[in-house]
Structure formats: C-alpha cells, structure tokens
Amino acid sequence: MDIHKIQEQFNFIAQKYDQQRRSFIPCYDDFYKRSISLLKYYRDDFKTIVDLGAGTGLLTKEIYELYPQAHYVLMDISKNMLKIAEERFKGLDHFEFAECNYVEDIPIKNCDLICSALSIHHLENDDKAALYHTLFQKLNPLGCFINLDQFVGETEAINDLYNVWWYDYIDRSEISSEEKEAWRNRKKLDKENTIPETIEWLKSSGFKKVECIYSFMKFGVIMAIK
C-alpha cells in the first residue's frame, strides 16, 4: 500500500468528500443505512466501536444512530478527513480520533464492533489477510466486524459491465469534470478482491459466521461474527 499517495489524495478531497458521496455511490442509502441496520438485530449492546479508515465519519454517523451510548474510536491516515469528523461529533465526549495507519497497529483492545467503509480495498492482499487476523484478535467474544466496501466482479466480463454502468452513472451526475478526474486518480489506488475471496480470508482468520449481507454491482457489505 502506498500510504503517502493515499494520504495525499484523501487530504486533498476532504472538504468535498461528503457532498460527493451520492454522486459516486449509486446505492448510497442501502449501502450506508439499510445494510447496517441489521446490526441492531444481532446485538443492541455494543459498547466499544472502532471505525477503520473512518474519513469524515459518514459510517460512524449512521452507526451512532443505532448505538448512541457506545464509545467510538475513529482511525484514519488523513488528518484533514479526521478534522471534519471531529467537527461532526463536536461536543460528544465518548469519541476518540486517531491519525494512524490501522494496518500497522490498532491501539484498542476488547472491541465489540469494528467497522469500515470504502477503505480496505486500498490494501495489498497480504495486508488484508493480516488485518483480518488482527481484527479477530481485537474483538471480544460475540464481537462483530462489518465491512462496507468496493469489490471486483467474479468474472472479468461482468466486472467490465459494472464499471461501464458505474462510470456512466457518474458522468450523468452533477459533479465537475475536475472532480471526476480526481476520482479516477484515486481509483488507480484500488486493489479490489471478490466477495468470495474476502469471505474466505475472514474464515481463515477465525471468523465462523461470515456472509455478504448486501451487494449491488461493485458495492458489498460483509458481516463477520466472532
């Protein structure tokens, strides 16, 4: 993973990140809202929640609505992104913000829920596999990991169709040509895997209950229970 390139790209886009999300994610509400609502049916007592690659706090915001009493730790390599997250949750004393590379260290023990959105697909395969092992160790018994991410199709032909459809959706959005170009540059850093590959990595890390609970073309949500 080229940590410096990723930091640079996301520091640059931080101020516009939130307002662009719906232009880049055609299934935004299902992805960020409806899919994670399943968590509440599993457990309503998560006490410590860690968001990996938290960015501006979009995913944390949705999970906070489900678990307002939990303690939150938001981790990201982008200082500019975290500044926006800090402003979003200003005045709430049960939030922590850590500028760090979660691949190298997750300085939290005994987590109940670890979540991530559109971050892990930037990692090399070896880093992904190592991260899933770390997550399993960090979670309490009956803890949960939920990953909202971007995946590659299982066949090249279908994945190409996904990309053509996606690019057309973005081209018809209201964002500027400069913003589209910036997105394409960020996309060059992607290292996508298939959903089945990811599920197998998680199972190999110790998770016994793993399933894709939502998918739409390039977007998927995987839930793993310890």
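Since this is a predicted model, take the numbers as computed values, not measurements. (Residues numbered from 1 in each chain as written. Predicted model: local features only at pLDDT ≥ 70, side-chain atom pairs only at ≥ 80, totals over all residues. Heavy atoms only, no water.)

Q: Can you walk me through the environment of serine 204 in this structure?
A: Mapped onto the secondary structure, serine 204 falls in helix 10 (residues 195–204). Judged by relative accessible area, serine 204 falls into the exposed class, the value being 57%. Taking C-alpha positions, serine 204 is 16 Å from cysteine 144, a pair spaced 60 residues apart along the chain. (Helix = DSSP H or I, 4+ residues; strand = E, 2+ residues; numbered from the N terminus. Buried < 20%, exposed > 50% of the residue type's maximum accessible area, 1.4 Å probe, protein only.)

Q: Looking at this structure, how should I read the confidence of the model for the chain?
A: As a general rule, the predicted coordinates of low-pLDDT regions are not to be interpreted in detail. Of the residues in the chain, 92% reach a pLDDT of 70 or more, and the chain-wide mean stands at 90. Overall, residues 5–15 carries pLDDT values under 50, and its contacts beyond four positions in sequence, including any with other chains, amount to 27 contacts. (pLDDT = per-residue confidence, 0-100. Contact = heavy atoms within 4.5 Å.)

Q: Can you help me understand the packing of helix 7 (residues 125–138) against helix 10 in this one?
A: The packing of two helices is summarised by the inter-axis angle and the distance between the axes. For the pair helix 7 and helix 10, interaxial distance at closest approach is 8 Å and the crossing angle is 45 degrees. Considered as vectors, helix 7 and helix 10 are oriented oblique to each other. Remark: the crossing between helix 7 and helix 10 carries right-handed chirality. Residues Asn125, Lys128, Ala129, Tyr132 and His133 of helix 7 form the contact with helix 10, whose participating residues are Thr198, Trp201, Leu202 and Ser204. For the contact of helix 7 with helix 10, the residue count by class is 4 nonpolar, 4 polar and 1 charged. (Axes fitted to C-alpha atoms, helices over the stretch in contact; angles between N-to-C directions. Parallel < 35°, antiparallel > 145°, perpendicular 65-115°, else oblique. Left-handed = near helix turned anticlockwise from the far one by under 90°. Nonpolar A, V, L, I, M, F, W, Y, C, P; charged D, E, K, R; others polar.)

Q: Looking at this structure, I do not really get the pattern of salt bridges. What am I missing?
A: Side-chain pairs of opposite charge can arise where the charged atoms are in close proximity. This structure, assessed with the given rule, holds 10 salt bridges. Between glutamate 62 and lysine 33 there is a salt bridge, and its shortest N-O distance comes to 3.0 Å. Remark: lysine 33 occurs in helix 3 (residues 28–34) and glutamate 62 occurs in helix 5 (residues 58–66); sequence separation between them is 29 residues. The buried category is assigned to glutamate 62, whose relative accessible area is 6%. The class for lysine 33 is partly exposed, based on a relative accessible area of 31%. The partner of glutamate 192 in a salt bridge is lysine 218, with the nearest N and O atoms 2.7 Å apart. You can see glutamate 192 sitting in the loop between helix 9 (177–187) and helix 10 and its partner lysine 218 sitting in the loop between strand 6 (209–216) and strand 7 (219–225), a full 26 residues away along the chain. Overall, the relative accessible area of 2% leaves lysine 218 in the buried class. Within the structure, one salt-bridge network assembled from shared partners comprises Lys33, Lys61 and Glu62. (Salt bridge = Lys/Arg side-chain N within 4 Å of Asp/Glu carboxyl O.)

Q: Mind showing me how you'd approach the sheet that holds strand 6 here?
A: Picture the strands of a sheet paired through backbone hydrogen bonds; they go either parallel or antiparallel. Strands sit in the order 3-2-1-4-5-7-6 across an open sheet of 7 strands; the sheet is mixed. Taken across any chain shown, the strands that pair with only one partner, and hence form the sheet edges, are strand 3 (95–99) and strand 6. Shown here is a sheet whose adjacent strand axes are inclined to one another by a mean of 15 degrees, direction ignored. As judged from the 5 bridges shared by strand 1 (residues 48–52) and strand 2 (residues 71–76), these two strands associate in the parallel manner. Looking at strand 2, one finds that threonine 48 is bridged to histidine 71. (Pairing = 2+ DSSP bridges.)

Q: Looking at this structure, how should I read helix 9?
A: Side chains that are three or four residues apart share a direction in an α-helix, a result of its 3.6 residues per turn. Every buried residue of helix 9 is listed here: Glu179, Lys180, Ala182, Trp183, Arg186 and Lys187. End-on view of helix 9: buried residues confined to an arc of 160 degrees, all on one side of the axis. More than 90 degrees from the buried face of helix 9, the exposed residues found are Ser177 and Glu178. (Arc of directions from axis to C-beta.)

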